[in-house]
Amino acid sequence: MAEKTLAAALEKEHRDIDGGIEEYTESISAGGGDPEPLRRSMAGLRRHIYLEEVFLFPPMRAGMMMAIMVMLREHGELWDSMDEIERMLDQDTDDATRQNACRELLALLDKHNSKEEPIIYTQADDVLSAEASGELADFLDSGTMPEGWVCEQAGEKYKPNQDAPKKLPWS
(Lines give C-alpha, C1' and ligand atoms only; values in the text may rest on other atoms or scores of the structure.)
Protein backbone atom coordinates (compact mmCIF):
# COMPACT_ATOMS: atom_id res chain seq x y z
CA MET A 1 0.00 0.00 0.00
CA ALA A 2 1.78 3.11 -1.27
CA GLU A 3 -0.52 5.58 0.53
CA LYS A 4 0.31 6.51 4.11
CA THR A 5 -3.19 5.99 5.51
CA LEU A 6 -6.01 3.58 4.88
CA ALA A 7 -8.25 6.54 4.08
CA ALA A 8 -5.87 7.74 1.36
CA ALA A 9 -5.61 4.26 -0.15
CA LEU A 10 -9.38 3.77 -0.16
CA GLU A 11 -9.97 7.22 -1.65
CA LYS A 12 -7.45 6.45 -4.40
CA GLU A 13 -9.50 3.37 -5.28
CA HIS A 14 -12.59 5.61 -5.52
CA ARG A 15 -10.80 7.89 -7.99
CA ASP A 16 -9.50 4.95 -10.04
CA ILE A 17 -12.97 3.38 -10.24
CA ASP A 18 -14.60 6.66 -11.27
CA GLY A 19 -11.85 7.23 -13.85
CA GLY A 20 -12.55 4.00 -15.71
CA ILE A 21 -16.28 4.67 -15.87
CA GLU A 22 -15.65 8.22 -17.07
CA GLU A 23 -13.18 6.94 -19.68
CA TYR A 24 -15.88 4.63 -21.04
CA THR A 25 -18.60 7.30 -21.19
CA GLU A 26 -16.19 9.73 -22.89
CA SER A 27 -15.23 7.07 -25.44
CA ILE A 28 -18.89 6.63 -26.35
CA SER A 29 -19.18 10.39 -26.91
CA ALA A 30 -16.10 10.24 -29.15
CA GLY A 31 -17.67 7.48 -31.27
CA GLY A 32 -15.85 4.57 -29.64
CA GLY A 33 -17.13 2.64 -26.69
CA ASP A 34 -14.57 0.02 -25.72
CA PRO A 35 -16.16 -1.48 -22.60
CA GLU A 36 -12.86 -2.70 -21.08
CA PRO A 37 -12.29 0.36 -18.83
CA LEU A 38 -15.88 0.08 -17.62
CA ARG A 39 -15.65 -3.66 -16.94
CA ARG A 40 -12.32 -3.12 -15.12
CA SER A 41 -13.85 -0.35 -12.98
CA MET A 42 -16.92 -2.39 -12.13
CA ALA A 43 -14.74 -5.35 -11.10
CA GLY A 44 -12.69 -2.92 -9.02
CA LEU A 45 -15.83 -1.50 -7.43
CA ARG A 46 -17.13 -4.97 -6.55
CA ARG A 47 -13.75 -5.80 -4.97
CA HIS A 48 -13.79 -2.46 -3.13
CA ILE A 49 -17.27 -3.14 -1.75
CA TYR A 50 -16.09 -6.58 -0.64
CA LEU A 51 -13.10 -5.20 1.25
CA GLU A 52 -15.27 -2.63 2.99
CA GLU A 53 -17.98 -5.09 3.98
CA VAL A 54 -15.57 -7.80 5.10
CA PHE A 55 -12.55 -5.91 6.47
CA LEU A 56 -13.48 -2.28 7.19
CA PHE A 57 -17.07 -2.15 8.38
CA PRO A 58 -17.21 -5.00 10.95
CA PRO A 59 -14.73 -3.45 13.40
CA MET A 60 -16.37 -0.03 12.95
CA ARG A 61 -19.99 -1.14 13.38
CA ALA A 62 -20.27 -0.67 17.13
CA GLY A 63 -19.42 3.01 17.10
CA MET A 64 -20.89 3.91 13.71
CA MET A 65 -23.89 1.62 13.31
CA MET A 66 -26.19 4.05 11.49
CA ALA A 67 -23.50 5.30 9.11
CA ILE A 68 -22.48 1.74 8.28
CA MET A 69 -26.11 0.78 7.65
CA VAL A 70 -26.41 3.62 5.13
CA MET A 71 -23.19 2.54 3.42
CA LEU A 72 -24.41 -1.07 3.16
CA ARG A 73 -27.75 0.01 1.65
CA GLU A 74 -25.95 2.17 -0.90
CA HIS A 75 -23.57 -0.70 -1.72
CA GLY A 76 -26.66 -2.72 -2.66
CA GLU A 77 -27.83 0.07 -4.96
CA LEU A 78 -24.40 0.28 -6.59
CA TRP A 79 -24.26 -3.51 -7.00
CA ASP A 80 -27.69 -3.61 -8.62
CA SER A 81 -26.74 -0.76 -10.95
CA MET A 82 -23.60 -2.64 -12.02
CA ASP A 83 -25.65 -5.79 -12.64
CA GLU A 84 -27.95 -3.79 -14.92
CA ILE A 85 -25.02 -2.24 -16.81
CA GLU A 86 -23.47 -5.69 -17.31
CA ARG A 87 -26.78 -6.92 -18.74
CA MET A 88 -26.77 -3.96 -21.12
CA LEU A 89 -23.23 -4.77 -22.26
CA ASP A 90 -24.08 -8.45 -22.76
CA GLN A 91 -27.26 -7.61 -24.70
CA ASP A 92 -25.52 -4.96 -26.81
CA THR A 93 -27.90 -2.21 -25.66
CA ASP A 94 -27.56 1.07 -27.56
CA ASP A 95 -24.74 3.48 -26.67
CA ALA A 96 -26.96 6.25 -25.30
CA THR A 97 -28.73 3.91 -22.86
CA ARG A 98 -25.42 2.47 -21.62
CA GLN A 99 -23.92 5.94 -21.33
CA ASN A 100 -26.90 7.17 -19.28
CA ALA A 101 -26.68 4.12 -17.01
CA CYS A 102 -22.99 4.83 -16.45
CA ARG A 103 -23.73 8.46 -15.64
CA GLU A 104 -26.32 7.30 -13.12
CA LEU A 105 -23.74 4.94 -11.60
CA LEU A 106 -21.27 7.83 -11.33
CA ALA A 107 -23.96 9.95 -9.62
CA LEU A 108 -24.63 7.13 -7.12
CA LEU A 109 -20.89 6.81 -6.50
CA ASP A 110 -20.52 10.55 -5.97
CA LYS A 111 -23.40 10.56 -3.46
CA HIS A 112 -21.97 7.52 -1.68
CA ASN A 113 -18.33 8.60 -1.66
CA SER A 114 -19.16 12.11 -0.47
CA LYS A 115 -20.44 10.54 2.75
CA GLU A 116 -18.12 7.58 3.06
CA GLU A 117 -14.85 9.48 2.73
CA PRO A 118 -15.43 12.15 5.41
CA ILE A 119 -17.45 9.99 7.81
CA ILE A 120 -16.11 6.43 7.57
CA TYR A 121 -12.63 6.76 6.12
CA THR A 122 -11.51 9.53 8.48
CA GLN A 123 -12.14 7.13 11.37
CA ALA A 124 -10.53 4.03 9.83
CA ASP A 125 -6.96 4.64 10.94
CA ASP A 126 -8.06 5.52 14.49
CA VAL A 127 -10.73 2.84 15.03
CA LEU A 128 -9.18 -0.24 13.43
CA SER A 129 -6.72 -2.23 15.48
CA ALA A 130 -3.20 -2.70 14.14
CA GLU A 131 -4.13 -6.25 13.12
CA ALA A 132 -7.31 -5.15 11.31
CA SER A 133 -5.44 -2.31 9.59
CA GLY A 134 -2.75 -4.75 8.47
CA GLU A 135 -5.29 -7.20 7.07
CA LEU A 136 -7.04 -4.42 5.17
CA ALA A 137 -3.74 -3.01 3.86
CA ASP A 138 -2.67 -6.49 2.71
CA PHE A 139 -5.98 -6.96 0.90
CA LEU A 140 -5.65 -3.53 -0.74
CA ASP A 141 -2.25 -4.57 -2.07
CA SER A 142 -3.10 -7.97 -3.49
CA GLY A 143 -6.39 -9.40 -2.26
CA THR A 144 -9.04 -10.88 -4.49
CA MET A 145 -12.75 -11.17 -3.90
CA PRO A 146 -14.06 -14.73 -3.57
CA GLU A 147 -15.79 -16.05 -6.69
CA GLY A 148 -19.53 -15.49 -6.48
CA TRP A 149 -19.48 -13.14 -3.50
CA VAL A 150 -22.39 -10.66 -3.47
CA CYS A 151 -22.74 -7.65 -1.20
CA GLU A 152 -25.05 -7.79 1.79
CA GLN A 153 -27.76 -5.49 0.46
CA ALA A 154 -27.85 -6.45 -3.23
CA GLY A 155 -31.31 -6.84 -4.78
CA GLU A 156 -33.16 -9.96 -5.79
CA LYS A 157 -30.01 -11.81 -6.78
CA TYR A 158 -28.65 -11.80 -3.23
CA LYS A 159 -27.96 -15.21 -1.80
CA PRO A 160 -26.07 -15.61 1.46
CA ASN A 161 -22.43 -16.28 0.68
CA GLN A 162 -21.27 -19.47 2.30
CA ASP A 163 -17.60 -18.80 1.52
CA ALA A 164 -17.30 -15.38 3.17
CA PRO A 165 -15.57 -15.34 6.55
CA LYS A 166 -18.12 -15.60 9.33
CA LYS A 167 -15.90 -14.01 11.95
CA LEU A 168 -12.65 -12.23 11.44
CA PRO A 169 -9.91 -12.47 14.07
CA TRP A 170 -10.52 -8.93 15.36
CA SER A 171 -14.33 -9.03 15.37
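Right above here is the structure, for reference.
This structure is a prediction, so every number in the text was calculated from the model and none was measured.

Definitions and limits used
- Residues numbered from 1 in each chain as written.
- Predicted model: local features only at pLDDT ≥ 70, side-chain atom pairs only at ≥ 80, totals over all residues.
- Heavy atoms only, no water.
- Core = buried A, V, L, I, M, F, W, Y, C linked by side-chain atoms within 4.5 Å.
- Buried < 20%, exposed > 50% of the residue type's maximum accessible area, 1.4 Å probe, protein only.
- Helix = DSSP H or I, 4+ residues; strand = E, 2+ residues; numbered from the N terminus.
- Contact = heavy atoms within 4.5 Å.
- 1 Å grid on protein atoms, 1.4 Å probe; cavity = no way out; pocket = protein on both sides within 12 Å on 5 of 7 lines; lining within 4 Å.
- Points joined across faces, edges and corners; volume = space filled by probe spheres on them.
- Nonpolar A, V, L, I, M, F, W, Y, C, P; charged D, E, K, R; others polar.
- Expected span 1.5 Å × (residues − 1).
- Patch = residues over 30% accessible without salt bridge, like charges linked within 9 Å, V, L, I, M, F, W, Y side chains within 5 Å.
- Areas by Shrake-Rupley, 256 points an atom, 1.4 Å probe, with all protein chains shown as cover.
- Salt bridge = Lys/Arg side-chain N within 4 Å of Asp/Glu carboxyl O.
- Axes fitted to C-alpha atoms, helices over the stretch in contact; angles between N-to-C directions.
- Parallel < 35°, antiparallel > 145°, perpendicular 65-115°, else oblique.
- Left-handed = near helix turned anticlockwise from the far one by under 90°.

Colleague: Residue-level account of the nonpolar core, with values.
Modeller: Judged by nonpolar contacts, the single largest core of 47 residues is most densely connected at Leu56 and Ile120. Among the elements that line this core, the one with the most residues is helix H2 (residues 36–60), at eleven residues. With residues near it in sequence (within four places) discarded, leucine 56 still touches Leu10, Leu51, Ile120, Tyr121, Ala124, Leu128 and Leu136.

Colleague: Which residues make up empty space enclosed by the protein, and what are the values?
Modeller: Gaps left between atoms show up when a probe the size of a water molecule is rolled over them. Counted according to the given criterion, the structure contains two cavities of 30 Å³ or more. Estimated volume of the largest cavity: approximately 40 Å³. Lining the largest cavity are His14, Leu45, His48, Ile49, Glu52, His75, Leu78, Leu109, His112, Asn113 and Glu116. The set of elements that each furnish at least two residues to the lining of the largest cavity consists of H2, helix H3 (65–90) and helix H4 (95–127). Empty space within the second largest cavity amounts to approximately 30 Å³. In this structure, the second largest cavity is lined by Glu74, Glu77, Leu78, Leu108, Lys111 and His112. For the lining of the second largest cavity, the secondary structure elements donating two or more residues are H3 and H4. Partitioning the lining of the second largest cavity into residue classes produces two nonpolar, one polar and three charged.

Colleague: Just give me the short version of the side chain of serine 41, but keep the residues and values in it.
Modeller: Along the polypeptide, serine 41 turns up in helix H2. Serine 41 gets classed as buried once you look at its relative accessible area, which sits at 5%.

Colleague: Help me get a handle on H3, residues and values and all.
Modeller: Between the first and last C-alpha of H3 there are 37 Å, a value that for 26 residues agrees with the 38 Å anticipated at 1.5 Å per step. Among the residues trailing H3, aspartate 92 stands out with phi positive, at a value near 55 degrees.

Colleague: Before we move on, can you summarise a nonpolar patch on the surface with the specific residues and values?
Modeller: On the surface, a cluster of nonpolar side chains totalling about 320 Å² of accessible area is made up of Met65, Met66 and Met69. By the secondary structure assignment, methionine 65 is in helix H3. When its relative accessible area of 40% is taken as the criterion, methionine 65 is described as partly exposed.

Colleague: Please set out the packing of helix H1 (residues 6–29) against helix H5 (residues 130–142) residue by residue, giving values where relevant.
Modeller: Between H1 and H5, the least distance of the axes is 11 Å, while the angle of their chain directions is 30 degrees. Relative to H5, the element H1 is oriented roughly parallel. Crossing of H1 over H5 shows left-handed handedness. Contact residues: Leu6, Ala9, Leu10 and Glu13 in H1; Ser133, Leu136, Ala137 and Leu140 in H5. Tallied by class, residues from the contact of H1 with H5 come to six nonpolar, one polar and one charged.

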